[in-house]
Amino acid sequence: MSSLTNSPQNPSNAHLDLPPLPMDADGIAEGFSRYYAYTFGRDQDCQSAYYPYKALAMTLRDRLMERWNQTRRAYDDSKCKRTYYLSLEFLMGRALSNAMLNLNLNQAAEQGLYQLGRVLEEIASNEPDPGLGNGGLGRLAACFLDSCATLQLPVRGYGLRYEYGMFRQLIEKGAQIEEPDHWLRDGNPWEQERPEFTQRIQFYGRTESYKDHSGRLAIRWVDTHDVLAVPYDIPVPGYRNNTVNTLRLWKAAATDEFDLGEFNAGSYPESVAQKNDAEHITMVLYPNDASENGKELRLRQQFFLASASIKDVLRDWIRLHGRDFSQFAELNSFQLNDTHPAVSVAELMRQLIDEQHLEWDEAWAITSHTMAYTNHTLLPEALERWPVRLFQLLLPRILEIIYEINARFLDEVSQHWPGDTDRLRRMSLIEEGDDPQVRMAYLAIVGSYSINGVAALHSQLLVEGLFRDFHELWPHKFNNKTNGVTPRRWLAQCNPGLRGLLDETIGSDWVCNLDQLSRLAPHADDASFRERWHAIKRENKQRLADQVAEICRVDLPVDAMFDVQVKRIHEYKRQLLNILHVIHLYSRIKQGDTQDWTPRCVLFGGKAAPGYVMAKQIIKLINNVAKVVNKDPATEGLLRVAFIPDYRVSLMEVIAPGTDLSEQISTAGKEASGTGNMKFMMNGAVTIGTLDGANIEIREQVGEENFFLFGLTAAGVESLRNHYDPNGIIASDPTLRNVVTLLECGHFNQFEPGIFDAIIHSIRNPHDPWMTAADFASYVEAQEQAAATYRDRERWLRMSILNAASSGYFSSDRTIAEYNQDIWHLPTIQPSR
Ligand SMILES: *Cc1c(COP(=O)(O)O)cnc(C)c1O
């Protein structure tokens, strides 16, 4: 590998003086035709829909490539500060339409392809949707990269190039089936392999001390089983600004060395087969959202990302600045997306001390002023802890460093609170017990100069609860950064109809300055504007209804209220509460209680973690209820229910623009922020929701009269815990009693006795953590208000417009500007052409 290593004095081809590629229709048509005919060797007889997509992707990639290299050079030349966003997940979604929007090539591509007798939209639909993330956390990383490029900030994403992304979800007999998603099978035209930057990552082995060349006692990690990390770069274009940032994804590869023991014992095939083991590290994304499963392979993934990325950053540092690390913390920061990459704290220490020969104090000063940590959840099952014995086996040198960090940290705690042994036990990085554990969140906190939550309520609950001791010790480290989503993908790209109306009404600056949307507010009073707004929403609902008809074989009346809950299936998100309300509506229809009825289509979507039994039963219940409701002639024109399989980014791009009512109904205090709520709001949906996560800030922005609020507060949930009596609530509420009775008598599982017993039990359980029964009556009342409002079309349209008009705060551009102002302190860098 070393012979391939990039040499700093190699200027001969640094500036190939090529003319810029044409950006007009003819230029795109020519690029497309060349790739199609010469690179892929296809002609008009080719039936595959994939090659036209690939030819167009390559044509666009060429245009990104020029700007990509210019951006890289501009960052290098400026020697400015940089930030690295470390995340086990990047849920990027499709790249082609995003590249076209950001390069302003939409029209040229459409025309150029039309000249060739092809339809752009049809070609674009053949792009696989890269699902390298579970849900909100991975999608946030993708929105952040988009905003960093648009704001021209020198930020690079680091992640893993999973061979298999999130599983594909099929629904068979109402139940979830998982299918592997081999998204790389036909290659990925957006990635650029960079083997010259391959890194070698250590695992297993043991540590030993030795005297280094200056006679100083040092430690080395030896007898390791090494794995190569090969980088693949993905371009991240900014919006029409010539900046193209980088997402660098690592693929695991075997070293070419063989196990000599095996080799000499004559087991050549076995020793070659061991190569597989190394390559398994980046084989598959773990499909758990908001929970951890504690598998060794997952810890290997985490260390592999941390070690490769830090080596890459140090290599870059030495190339530009030499081996003097005195300014390293001033010019570099790492943002840890949850605790998944938290082992980076110990790994940066290890590389600085063992490989760059810094003293502990110097290395710690650098590390603890370089790392910043974002917490994403308060759920105890999501807090990562790894057994000490697993660290001892897999990462022995890292465990030694964690012990040393902990010893010095506990010394600081005992200086601060002399004699408070209980606090020492509580705050230790090691949880003692029969099987001692490393607490990854505490490692991240102790090693970071900034710790943030992702919505105001979440950040407040963190410092009052989970991280209280740490907040008392270091209040200055804690801050809030309310999440946002990118208005490029989640408005300009996914809602071309609305984009046109916005451009015409308030100009086009809103794309990069979403606060401009507030200028829509006065138009809410203009009846003809409301009519245009309605026509666009109706078109988007038709597009969604067409997809649902094709996928689910359910016909949706387009003028009904589209009531949508799409997100991972999890008990805390309470899809169960929603389906209980659907059962109530169905029961009303069956009882003839349909005066002043608002026709509704209730849509669900989302994946359950394959091992999460209760979540899978909820999917089954939704599908069974949908079947009973949709086939009953009494519900015709009044109620439709559908579960849309395989919820993913490209589906959300159709769903959000076509939604009237956005369901954000988690148990208060459990949803850290939510970002789906923001995408819906931007596209003019009205929210029905609890005071949880960013819902609180959404309601503040739009005004309480434009939000359907229900349910307990976070404080109310906590104070009810000790005396929660769901059976009493069910007994005294005829509506809820009726719904539970329908469930208990098996109305939705006639030929599948008992399959919903666990669900019924959870509703009746006084220890139900999600308190579904507690919020039911309040939810039904809010739903009735929403329904009544929807029938007042002018009033609903006004609310819809005001929701979009108030969504400027939820642009990830605002979020990233705050990260930069408070945490990163990066300059903006213009690439020169
Ligand atoms: C936005 C998004 C999410 C997050 O949705 P929440 O409602 O905030 O949980 C999950 N998955 C996909 C595909 C998304 O686009």
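What you are looking at is a predicted structure, and each value in this text was computed from that prediction instead of being measured. (Residues numbered from 1 in each chain as written. Predicted model: local features only at pLDDT ≥ 70, side-chain atom pairs only at ≥ 80, totals over all residues. Heavy atoms only, no water.)

Visitor: Give a detailed account of the site of the ligand, specifying residues and quantitative values.
Guide: Lining the immediate surroundings of the ligand are 14 residues, of which Lys567, Lys573, Thr675, Gly676 and Lys679 lie closest. Lysine 573 is positioned with one of its side-chain polar atoms (N or O) 2.8 Å from an oxygen atom of the ligand. When the ligand is considered free in solution it has 390 Å² of accessible area, and contact with the protein chains removes 96% of it. Looking at the shell around the ligand, the elements with two or more residues in it are helix H25 (649-655) and helix H26 (676-682). (Near = heavy atom within 4 Å. Polar contact = N/O pair within 3.5 Å; in protein donor to acceptor, adjacent residues only side chain to side chain. Areas by Shrake-Rupley, 256 points an atom, 1.4 Å probe, with all protein chains shown as cover. Helix = DSSP H or I, 4+ residues; strand = E, 2+ residues; numbered from the N terminus.)

Visitor: Talk me through the packing of helix H23 (residues 575-590) against helix H32 (residues 772-791); I want residue IDs and the actual numbers.
Guide: Contact pair H23 / H32: the axes reach a minimum separation of 10 Å and the direction vectors enclose 55°. Here H23 is positioned oblique relative to H32, judged by the angle of their axes. As for the relative orientation of H23 and H32, their crossing is right-handed in sense. Across the interface between the two elements, Leu576, Leu577, Asn578, Leu580, His581, His584 and Arg588 of H23 pack against Thr772, Asp775, Phe776, Tyr779, Val780, Gln783 and Glu784 of H32. Among the residues making up the contact of H23 with H32, the classes are represented as 6 nonpolar, 5 polar and 3 charged. (Axes fitted to C-alpha atoms, helices over the stretch in contact; angles between N-to-C directions. Parallel < 35°, antiparallel > 145°, perpendicular 65-115°, else oblique. Left-handed = near helix turned anticlockwise from the far one by under 90°. Contact = heavy atoms within 4.5 Å. Nonpolar A, V, L, I, M, F, W, Y, C, P; charged D, E, K, R; others polar.)

Visitor: Provide a residue-level description of the nonpolar core, including the pertinent values.
Guide: One finds Phe203, Phe304 and Phe391 to be the most contacted residues of the largest nonpolar core, which totals 109 residues. Among the elements that line this core, the one with the most residues is helix H10 (residues 296-321), at 10 residues. Apart from the residues lying within four places of it in its own chain, the contact partners of phenylalanine 203 are Trp221, Thr224, His225, Asp226, Val227, Ile281, Arg300, Phe303, Phe304, Leu394 and Leu395. Of all hydrophobic cores here, the second largest spans 63 residues; its members include Tyr586, Trp597, Ile619 and Tyr790. (Core = buried A, V, L, I, M, F, W, Y, C linked by side-chain atoms within 4.5 Å. Buried < 20%, exposed > 50% of the residue type's maximum accessible area, 1.4 Å probe, protein only.)

Visitor: Give a description of the confidence of the model for the protein chain that names residues and reports values.
Guide: Confidence in the prediction for the protein chain averages 95 pLDDT; 97% of positions are at 70 or higher. Across residues 1-14, confidence stays below pLDDT 50; counting only partners more than four residues off in sequence or on other chains, it has 7 contacts. (pLDDT = per-residue confidence, 0-100.)

Visitor: Let's hear about the packing of helix H13 (residues 360-367) against helix H15 (residues 396-416): which residues, and what values?
Guide: Orientation of H13 relative to H15, taken along the N-to-C sense of each, is 85°, at an axis distance of 13 Å. Classified by the angle their axes make, H13 and H15 are roughly perpendicular. Touching Trp360, Asp361 and Trp364 of H13 are Ile401, Glu404, Ile405 and Arg408, all from H15. The class makeup of the residues in the contact of H13 with H15 is 4 nonpolar, no polar and 3 charged.

Visitor: Break down the UniProt feature "modified residue: N6-(pyridoxal phosphate)lysine" (unreviewed entry) in the protein chain for me, with residues and values.
Guide: The positions that UniProt labels "modified residue: N6-(pyridoxal phosphate)lysine" (unreviewed entry) are, in the present scheme, Lys679. When neighbours within four sequence positions are excluded, lysine 679 is seen to be in contact with Arg139, Val485, Trp490, Met652 and Ala656. (UniProt positions renumbered as here; feature names shortened; annotations may be inferred.)

Visitor: Talk me through the packing of aromatic side chains; I want residue IDs and the actual numbers.
Guide: Think of a pair of aromatic rings as described by two things: how far the centres are apart, and how the planes are tilted against each other in angle. In total, this model carries 27 aromatic pairs according to the counting rule given. Note on phenylalanine 710 and tyrosine 779: the rings are 4.9 Å apart at their centroids and 45° apart in plane angle, and the pair reads as tilted. Placement of phenylalanine 710 in the loop between strand E23 (708-709) and helix H28 (714-720) and of tyrosine 779 in helix H32 is noted, with a sequence separation of 69 residues between them. An identical accessibility class is assigned to phenylalanine 710 and tyrosine 779; each is buried. An aromatic cluster is present here, built from Tyr35, Phe40, Tyr50, Tyr51 and Tyr53 joined pairwise through their rings. Over the aromatic face of tyrosine 51 sits the side chain of arginine 42, whose NZ or CZ is 3.7 Å from the ring centroid. A cation over an aromatic ring shows up here: arginine 814 above the ring of tyrosine 809, its NZ or CZ 3.9 Å from the ring centre. (Phe/Tyr/Trp six-rings, centres within 6.5 Å; stacked < 30°, edge-to-face > 60°. Lys NZ or Arg CZ within 6 Å of the ring centre and 35° of its normal.)

Visitor: Which residues make up the environment of asparagine 624, and what values go with them?
Guide: Looking at the element boundaries, asparagine 624 is found in helix H24 (residues 613-631). Given the relative accessible area of 8%, asparagine 624 is considered buried. When the C-alpha positions of asparagine 624 and phenylalanine 748 are compared, they lie 5.8 Å apart, and in sequence the two are 124 residues distant. The contact partners of asparagine 624, leaving out residues within four places of it in the chain, are Phe748, Asn749, Glu752, Ile755 and Phe756.

Visitor: How would you explain the pairing of strand E1 (residues 82-86) if you had to name every residue and give the values?
Guide: For E1, the tally of buried residues reaches 5 of 5 residues, placing the bulk of the element in the interior. Residues of E1 alternate between two faces, with Arg82, Tyr84 and Leu86 on one and Thr83 and Tyr85 on the opposite face, all of them buried. Summarising the sheet, E1 and strand E2 (residues 155-160) pair through 4 bridges and their orientation is parallel. Across the sheet, tyrosine 85 pairs through a bridge with glycine 157, a residue of E2. (Pairing = 2+ DSSP bridges.)

Visitor: Can you break down the sheet that holds strand E14 (residues 430-431) residue by residue, with the values?
Guide: Across the sheet, which stays open at both edges, the 3 strands sit in the order E13-E15-E14 with antiparallel pairing between neighbours. Only two strands of the sheet have a single partner each, and these edge strands are strand E13 (385-387) and E14. Here E13 runs beside strand E15 (residues 437-439); their pairing, made up of 3 bridges, is antiparallel. Bridge pairing in E15 links arginine 385 to arginine 439.

Visitor: Now, about the pattern of salt bridges: what can you tell me, with residues and values included?
Guide: The tally for this structure, following the rule as stated, stands at 64 salt bridges. Salt-bridge contacts for arginine 194 lead to aspartate 233; the nearest nitrogen and oxygen are separated by 3.0 Å. Of this pair, arginine 194 sits in the loop between strand E5 (192-193) and strand E6 (199-203) while aspartate 233 sits in strand E9 (residues 225-237); the two residues are 39 residues apart in sequence, bridging distant segments of the chain. The exposure classification of arginine 194 matches that of aspartate 233, with both residues buried. (Salt bridge = Lys/Arg side-chain N within 4 Å of Asp/Glu carboxyl O.)

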